[in-house]
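What follows is the residue order along each chain.
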Amino acid sequence: MASRPGLIRRFFGFFWRTIGFLRTLVLNLLFVAIVAALVAAWFYEAAPELESDTALVLDLAGPIVEQHTGSAAGFTALQALAERERETQLRDVLTALDAAAADPKIGRVLLLFDDMGSAGLATLREIADAIGRFRASGKAVIAWGVAFDQRRYYLAAHADQVLLHPFGGVVLRGFGGYRNYYRDALESIGVTVNVFKVGRYKSAAEPFSQNEPSEEAQRDEAALLGDLWSQYLTAVEAARRLPAGSITRLIDELPQRFAAVDGDPAKLALQEKLVDGLQTRDELRAMMIEKGTADPKHKSFRQIGLAQYLATLPEKEGDAVGVVVASGEILPGDQPQGLVGGRSTAELIRRAREDDSVKAVVLRVRSPGGVVFPGEQIRHELEVTRKAGKPVVVSFGDVAASGGYWVALAADEVIADPATITGSIGVLALLPSADRAWEKLSLHTHGTTTTWLAGAFDPRRPLDPRARELLHSGVAHTYREFVRRTAAARNLTTEQVEELAQGRVWTGRQAHEHKLVDRLGTYREALQAAAKRGGLGEDFRVAYIEREPRGIDRLLGMLLGEASLSALPLLGPLAPAAGVVPDALQSLGADLRWLRSAAADPLAAHSHCLCSADALLGPD
């Protein structure tokens, strides 16, 4: 019988096997990255030198986001490898339109919407304002699409000319929708969701504890949606020079009007003056050649895309306004872009504070809230920045509610869009109890603890009344802090804040009326306000303070760089087609994920409105 190897031999054997595995892993990653870089470089074409009478083509692909999900380098690389949905950064669109307005070589803008995804109304308003600034320079904007949903049409309506494919249509349906309520379903399997909240209107947990919304939640949502829909209608009807009330009458009489055009949606859109003409893509190309200059090499019109145009813009130097983006749910610790980490976002603010070239800080918020403590970490870091002598301006995007509002309570100035969803000053905690589910499955739980608290929050056991009292007290304390901090920051009494709080959600316009924000304005105006407070001139630099790429993100960024942009159209077809998940199932998955994360730490208070600015506008 062979003797077993000794301890030292086994240790070194394991050590060398581990080294071998790591070496193989690193070599494989390098191989994949190098192959991707070679493919990208093979198809790479340097951006052509910008010629006169060029059309800037803005093909708004994917959701309009504040910053790329994950990291910029990793996003570009994975997008090139067709592993990630395309996204368009709001800042890129605004920068391009404003630069093109003053660029003598850009003759016009063509907006394409076929691949555009989600965007909230505040985001749409930002882009529409930039379109207006471009048109004010005397240049034309042309919008074309196969079909226009409410998001796409809002932007298209602000163009000089709106063109629709003859087999397309314009779909305007109003805001709002339906959501799932799980109480009976959970009760049927023996699960009870214990909810602890302060705020009559704090409805984020209602889907788990009720079968329908409370009266307060319904009134709150109706007021919110009514104001947002009014803003939408007013803007679109003004942009299209339609009589007030035209779109409402069209929706009310849609069956009759649709039948009158024999069920032809494109003809209806033209008849109702929602569009200016019907054109196929080749007819559009011919028109653009006629309006501009032909490009014989590509058998099209002289044009440049968004990414290529941004690459031609010179980088500014000198002192800057530093921008930190807080986009997504607020969570503890370090989080990637697309989420807001308490520690990671606070670290970015600290970097901006300690950078001598940054003279003022803008926190750009697009968040429905989340866990309270990381939100407080961010707010505190802004407070420290102000005390250090650097001005802080907070700019609200589509949503800045609950924890997204909390983080703004240390700013010199808070600027919201009229369509921002904000407020929701309230706190909640929730904990599922599944003891009856265990009984149904004939499962039994036993154990020994040194104190009652050690197993008090075990979901397999009934919730201990003492634990219930703890949660009630903690949530009430956090709510009082929320109200107190809001009163101090907004120069209001606690009684005044109580009238506006209780979890109630407001539009930016309503929030301004109630003094919850300082003024209404665009993201551009927030940057200008920060520059003025920081003593900068009109032509200031904007520096985005973002997490530095590490590990594979850094490697892919170095190897691929901008060359990957050229490979996107060629590598895209290699990706597997995504399945279509019904909206109801998507909502179910999102709700259960939130329930799981909220219940993971029972003692962590949450300030979350469970609201989505994207969803209010309907499906993509």
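All values reported here derive from a predicted model rather than from experimental measurement. (Residues numbered from 1 in each chain as written. Predicted model: local features only at pLDDT ≥ 70, side-chain atom pairs only at ≥ 80, totals over all residues. Heavy atoms only, no water.)

### Points about the overall build of the protein
For the protein, the helix and strand inventory stands at 25 helices and 24 strands. A buried classification covers 49% of the 620 residues belonging to the protein. Pairs at least 24 residues apart make up 76% of the contacts formed inside the protein by residues separated by at least 6 positions. For the protein, the exposed area adds up to about 30,300 Å²; of that, 55% sits on carbon and sulfur atoms. (Helix = DSSP H or I, 4+ residues; strand = E, 2+ residues; numbered from the N terminus. Buried < 20%, exposed > 50% of the residue type's maximum accessible area, 1.4 Å probe, protein only. Contact = heavy atoms within 4.5 Å. Areas by Shrake-Rupley, 256 points an atom, 1.4 Å probe, with all protein chains shown as cover.)

### Quick look at unusual backbone geometry
Not every positive phi belongs to a glycine, and serine 402 is a case in point at roughly 55 degrees. In this fold, serine 402 is placed in the loop between β17 (392-401) and α16 (403-406). You can call serine 402 buried: its relative accessible area is 0%.

### Observations regarding the pattern of salt bridges
With the rule as written, the count across this model stands at 33 salt bridges. Between aspartate 160 and arginine 135 there is a salt bridge; the shortest N-O distance is 3.1 Å. Here the residue aspartate 160 occupies a position in the loop between α5 (150-156) and β6 (161-164), and arginine 135 occupies one in helix α4 (residues 121-136), the gap between them amounting to 25 residues. You can call aspartate 160 partly exposed: its relative accessible area is 36%. Classification of arginine 135 as partly exposed rests on a relative accessible area of 30%. Measuring nitrogen to oxygen at the nearest pair gives 3.1 Å for the salt bridge that ties arginine 386 to aspartate 412. With arginine 386 in helix α15 (residues 372-387) and aspartate 412 in the loop between α16 and β18 (413-416), the pair connects residues that are 26 residues apart, well separated along the chain. The class for arginine 386 is partly exposed, based on a relative accessible area of 38%. (Salt bridge = Lys/Arg side-chain N within 4 Å of Asp/Glu carboxyl O.)

### Here we look at the pairing of strand β1 (residues 54-59)
The element β1 is extensively covered by neighbouring structure, given that 5 of its 6 residues are classed as buried. By the bridge criterion, 3 bridges tie β1 to strand β11 (residues 303-305) in an arrangement that is parallel. Among the inter-strand pairings, alanine 55 is bridged to a residue of β11, identified as glutamine 303. (Pairing = 2+ DSSP bridges.)

### Some words on helix α21 (residues 523-533)
Listed as buried for α21 are Tyr523, Ala526, Leu527, Ala529, Ala530 and Ala531. Glycine 535 occupies a position one or two residues after α21 and carries a positive phi of about 75 degrees.

### Details of the environment of serine 424
In this fold, serine 424 is placed in the loop between β19 (421-423) and β20 (427-433). We classify serine 424 as buried; its relative accessible area is 1%. Linking serine 424 and glycine 403, residues 21 residues apart in sequence, is a C-alpha distance of 8.5 Å. Looking at serine 424, its side chain comes within polar contact range of the side chain of lysine 202, at 2.9 Å. For serine 424, the side chain forms a polar contact with the side chain of serine 402, separated by 2.8 Å. (Polar contact = N/O pair within 3.5 Å; in protein donor to acceptor, adjacent residues only side chain to side chain.)

### Re the sheet that holds β11
Strand order across the open sheet formed by 6 strands is β8-β6-β5-β4-β1-β11, with parallel pairing between neighbours. Each edge of the open sheet carries a strand with a single partner, namely β8 (277-278) and β11. Summarising the sheet, β6 and β8 pair through 2 bridges and their orientation is parallel. Across the sheet, residue leucine 164 finds its bridge partner in β8, namely leucine 278.

### What about the packing of aromatic side chains?
Following the criterion strictly, the structure yields 9 aromatic pairs and no others. Look at tyrosine 182 and phenylalanine 208: their rings are 5.8 Å apart centre to centre, the planes differ by 20 degrees, and that puts the pair in the stacked class. One end of the pair, tyrosine 182, is in the loop between β6 and α6 (183-188); the other, phenylalanine 208, is in helix α7 (residues 206-209), and 26 residues separate them in sequence. Note on phenylalanine 208: relative accessible area 2%, which makes it buried. The structure contains a cluster of three or more aromatic residues connected by ring pairs, namely Tyr154, Phe175, Trp229 and Tyr232. We note arginine 91 situated over the ring of tyrosine 544; from NZ or CZ to the ring centre the distance is 3.8 Å. Sitting over the ring of tyrosine 201, arginine 504 keeps its end group 5.2 Å from the ring centre. (Phe/Tyr/Trp six-rings, centres within 6.5 Å; stacked < 30°, edge-to-face > 60°. Lys NZ or Arg CZ within 6 Å of the ring centre and 35° of its normal.)

### Focus: the nonpolar core
Side chains of nonpolar character tend, in soluble globular proteins, to be buried together. Leu56, Leu58, Phe113, Tyr153, Tyr154, Leu155 and Tyr232 are the most contacted members of the largest nonpolar core, which totals 81 residues. Setting aside chain neighbours within four positions, we find leucine 155 in contact with Leu60, Leu111, Phe113, Met116, Leu124, Ile127, Ala128 and Ile131. Val358, Val365, Ala456 and Tyr479 belong to the second largest nonpolar core, which has 53 residues in total. (Core = buried A, V, L, I, M, F, W, Y, C linked by side-chain atoms within 4.5 Å.)

### Some details on the environment of asparagine 180
Tracing the sequence through the fold places asparagine 180 in the loop between β6 and α6. Asparagine 180 sits 32 residues away from glutamate 212 along the chain, and the two C-alpha atoms are 8.5 Å apart. A polar contact is formed between the side chain of asparagine 180 and the side chain of tyrosine 182, at a distance of 3.2 Å.

### Considering the packing of helix α14 (residues 342-354) against α15
At their nearest, the axes of α14 and α15 sit 8 Å apart, and the two run at 10 degrees to each other. Viewed along their axes, α14 and α15 adopt a mutual orientation that is roughly parallel. Contact with α14, carried on its side by Gly342, Arg343, Thr345, Ala346, Ile349, Arg350 and Arg353, involves Pro374, Gln377, Ile378, Glu381, Leu382, Val384 and Thr385 of α15 and no other residues of that element. Taken together, the residues of the contact of α14 with α15 sort by class into 6 nonpolar, 4 polar and 4 charged. (Axes fitted to C-alpha atoms, helices over the stretch in contact; angles between N-to-C directions. Parallel < 35°, antiparallel > 145°, perpendicular 65-115°, else oblique. Nonpolar A, V, L, I, M, F, W, Y, C, P; charged D, E, K, R; others polar.)

### Things to note about the side chain of aspartate 464
Here aspartate 464 is to be found in the loop between α17 (435-440) and α18 (465-490). The residues touching aspartate 464, leaving out its near neighbours within four places in the chain, are Trp452 and Ala456.

### Description of the pairing of β20
Within β20, 7 of the 7 residues are buried, leaving the element largely enclosed by the surrounding structure. Burial along β20 is two-sided: Val427, Ala429, Leu431 and Ser433 and Leu428, Leu430 and Pro432, pointing in opposite directions, are all buried. Bridging between strand β7 (residues 192-198) and β20 involves 7 bridges; their strand directions are antiparallel. Paired with lysine 197 across the bridge in β20 is leucine 428.

### Some thoughts on the side chain of aspartate 149
Following the sequence through the fold, aspartate 149 ends up in the loop between β5 (140-145) and α5. The charged side chain of aspartate 149 is buried without a salt bridge, its nearest counter-charge being arginine 151 at 4.1 Å. A distance of 3.2 Å separates a polar side-chain atom of aspartate 149 from the backbone nitrogen of arginine 151. Among the polar contacts made by the side chain of aspartate 149, one reaches the main-chain amide nitrogen of arginine 152 at a distance of 2.9 Å. (Lys, Arg positive; Asp, Glu negative; His and termini not counted.)

Any link to function would need more than the numbers given here.
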